[in-house]
Each structure stands twice: as structure tokens, then as C-alpha cells.
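This is what each chain is made of:
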Amino acid sequence: MTPTELQRYLENLVSKNIKLSTMIWGPPGIGKSSIVAQVSHQQEIACIDVRLSQLAPTDLRGLPVAEDGISKWYPPEFLPRDGQGILFLDELNMAPPAMQGVAQQLILDRRVGSYIVPPGWFVWAAGNRKEDRAAVFEMPAPLANRFLHLEVESDFDSFKSYALENGIHEQILAFLSFRSTLLHKPDPQEVAWCSPRSWMMASQLHRIKLDVAPAIGKGAAAEFAAFLKLYANLPNIAQILTGEGKSIDFPKEPSVRYATTIALAVRAADATQAYEAFRWLTNVAGAEWVQLFAVDMFRSMRRKKQIAEIAILIQKDPELQKFLKDFQELTAA
């Protein structure tokens with residue numbers, strides 16, 4: 001499933017109070033832990049992220065303490081005591097067998113030693129697959145059989161939605177719109193390679209004018225550098241956003257077209273500017289480019305809390321109303 005589909009599935013588990021142990025499989029860097037954090041935020045419940053590969057069995061089980069001649073286990077402070085939330089056991093299959101054995105009791109019986117998971121908490125886990133070249137251990141069959149198993153793959157539309165919400169650099173997003181195959185591309189010859197996580201890191205580097213190769217690798221960084229040279233050929237975005245773009249043509253080069261539509265969606269500061277960009281594109285570009293812009297623009301306006309304002313402006317424009325009627329799925333976006 002895509003990251004967006006995974007998030008919806010997990011949100012359903014929480015909203016319907018289905019406390020089945022759930023295992024999320026997927027390649028590294030795809031955002032599994034970020035999705036779990038987003039679900040906890042959306043559902044307004046707590047989230048405790050436990051990296052099992054970094055713990056010893058006693059870290060989870062607790063320490064034995066003698067009381068009246070009897071050994072009692074004192075559980076660690078990071079395990080929840082009350083309330084509601086998600087106990088997220090990340091990197092489960094990277095933990096050694098001894099650690100997985102202790103975690104198995106927590107997952108199967110919702111308890112370990114004298115500790116009991118509070119009834120309001122979900123127990124979820126995540127791990128990488130063998131084909132991802134991750135240093136993983138085989139999951140015991142009894143443990144695997146107690147999980148729901150959800151597998152997530154990289155998906156550009158899901159990443160774009162997340163990236164717009166989290167302020168990714170416009171030029172990074174424009175490049176990935178043009179070269180979406182580079183969103184997740186492991187390279188066994190490089191320690192730095194492309195993934196949704198590393199592109200968000202690259203965005204931070206690019207924003208302060210540092211080389212992005214340490215995040216995404218030399219090959220992808222070279223392609224990105226070549227793409228940046230095309231930005232000199234962008235039409236006057238500021239002029240379009242102020243409604244003065246009637247004499248401006250839509251670029252012919254596909255990569256510049258991607259850059260233009262992304263730039264308009266990201267740089268529109270308010271509903272009025274977004275509306276002017278929408279009008280300009282419907283007059284000069286094909287429907288597929290207008291659709292690409294509109295999806296991103298609606299997401300951007302929602303993030304900027306301008307969605308009601310842009311809806312009012314569109315409702316007053318018969319031409320845009322006709323476009324949205326032809327592409328009704330955009331209204332859901």
C-alpha cells in the first residue's frame with residue numbers, strides 16, 4: 001500500500017479501537033515511523049517510539065530488585081502507565097533473537113515481567129525486509145502469526161502531500177515531480193542514496209545553499225544541479241501571481257513546465273495569488289498541467305488556511321468552475 005493508504009488504515013484501527021498487534025514492513029527511509037507519529041497526532045493520542053535494536057533485554061524487561069526475599073522486576077520508565085497511545089516498537093526485526101524474545105511477550109500477552117500494557121494503548125511495530133539489504137533477523141513464526149502485516153511502498157503523490165505540509169524546498173519538489181523515479185532509489189555503491197527521508201534532508205541543505213550530495217548521493221545530486229540551471233528559463237512567476245501574466249506563454253520544455261507549475265503552487269502566498277495562477281494556467285496550458293497545479297495548490301492553500309477563500313474565488317469564475325466539473329476528483333483533493 002502507499003504511505004497515504006497506510007495512514008488511513010492505521011487511523012481506522014485507532015478510531016474503531018481495534019487493538020490488534022500490527023507490523024509495518026517497508027524499505028528504509030520511506031517514512032514508516034513518521035506515518036505512525038502522524039496518526040498519533042491526528043488522533044490526539046500519545047506515541048512512545050522504542051527502538052528495539054538499541055536495547056538489551058533488561059532494558060525492556062526491567063531490573064530485578066529484591067523485596068522481602070523475593071525478586072521483583074522494575075519496568076523501565078519509558079513504558080506507558082496510563083492514558084491512551086501507540087507503543088511503537090521500531091526496528092523490531094533488527095533486534096537480536098534474545099531481544100525479540102522479550103518483545104514477543106509484550107506483543108502477544110501485552111505484558112513483560114510484572115509490567116502490563118494499559119488497556120488504552122495500541123502495540124504496533126515496524127521493520128525492514130531482507131531484500132532491502134537491512135541487517136535483519138528472521139521473525140519467529142509464532143510472533144509473525146500474531147501480527148497484522150502491512151507492507152508499504154514509496155509513492156510520489158503521498159510524498160508530495162507530506163512534503164508540501166512540511167515546507168519542502170520548491171526546487172526539490174519540482175525536480176522530483178520531473179524525476180519521480182529518484183524518490184526512492186537505493187544505490188549499493190554509495191552510502192548516501194535517494195529516499196523520501198534523504199530528500200527531506202536534502203531540502204534542508206539546499207535551503208542554506210549547501211551541496212545535497214551528502215544526503216542523496218553524487219549521481220542524483222548531479223541531476224539536480226543540471227535541473228537547477230533550467231530555473232533561469234522560468235516565466236515571470238511574480239507577474240503571473242499578480243494577475244499580469246496575459247502576455248506570458250507556457251514553457252515548451254517539459255522539465256521547465258514541471259518547475260513552473262510547482263513554483264506557482266508553492267509561491268502563491270494567498271488565495272488571490274493562487275486564483276490568478278489558476279486562471280493563467282487554464283488559458284495557456286493543457287488540462288494535465290492545470291490538474292497537476294490544482295492538486296498541489298489546494299494542498300498548499302489548506303496548509304496556509306486559505307482553502308475557503310480560494311473556493312469562493314473559484315465559485316465566481318465560470319471558466320474555472322467548468323474545469324473543476326470536468327475533473328471532479330480535484331475537489332476531493
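Preceding this paragraph is the structure being described.
On to the sheet that holds strand β2 (residues 46-51). Within the open sheet, the five strands sit side by side as β2-β5-β8-β1-β9. Their pairing is parallel. The sheet is open, and its two edges are formed by β2 and β9 (148-151), each paired on a single side. Each strand axis lies, on average, 20° off the axis of its neighbour in the sheet, ignoring direction. Here strand β5 (residues 85-90) runs beside strand β8 (residues 121-127); their pairing, made up of five bridges, is parallel. Among the inter-strand pairings, isoleucine 86 is bridged to a residue of β8, identified as phenylalanine 122. Relative to β5, helix α2 (residues 32-42) is tilted by about 175°, and along the sheet it contacts β1 (22-25), β2, β5 and β8.

Turning our eyes to something else, we now look at the nonpolar core. Leu264, Phe278, Leu281, Phe293, Met297 and Ile310 are the most contacted members of the largest nonpolar core, which has 30 residues in total. Mapped by element, the contributors of at least two residues to this core are α11 (237-241), α12 (254-267), α13 (271-284), α14 (287-303), α15 (307-315) and α16 (318-326). The biggest single contributor to this core is α14, with eight residues. Setting aside residues up to four positions removed in sequence, phenylalanine 293 forms contacts with Thr261, Leu264, Ala265, Ala274, Ala277, Phe278 and Leu281. Grouped together as the second largest cluster of nonpolar side chains are 29 residues, Leu164, Leu176, Ala202 and Tyr231 included.

Glancing now at the environment of alanine 277. Tracing the backbone through its elements, the reader meets alanine 277 in helix α13. Expressed as a C-alpha distance, the spacing of alanine 277 and threonine 261, which sit 16 residues apart in the sequence, is 8.9 Å. Setting aside chain neighbours within four positions, we find alanine 277 in contact with Ile240, Leu241, Leu264 and Phe293.

Basis of the calculations
Residues numbered from 1 in each chain as written. Predicted model: local features only at pLDDT ≥ 70, side-chain atom pairs only at ≥ 80, totals over all residues. Heavy atoms only, no water. Pairing = 2+ DSSP bridges. Helix = DSSP H or I, 4+ residues; strand = E, 2+ residues; numbered from the N terminus. Axes fitted to C-alpha atoms, helices over the stretch in contact; angles between N-to-C directions. Contact = heavy atoms within 4.5 Å. Core = buried A, V, L, I, M, F, W, Y, C linked by side-chain atoms within 4.5 Å. Buried < 20%, exposed > 50% of the residue type's maximum accessible area, 1.4 Å probe, protein only.

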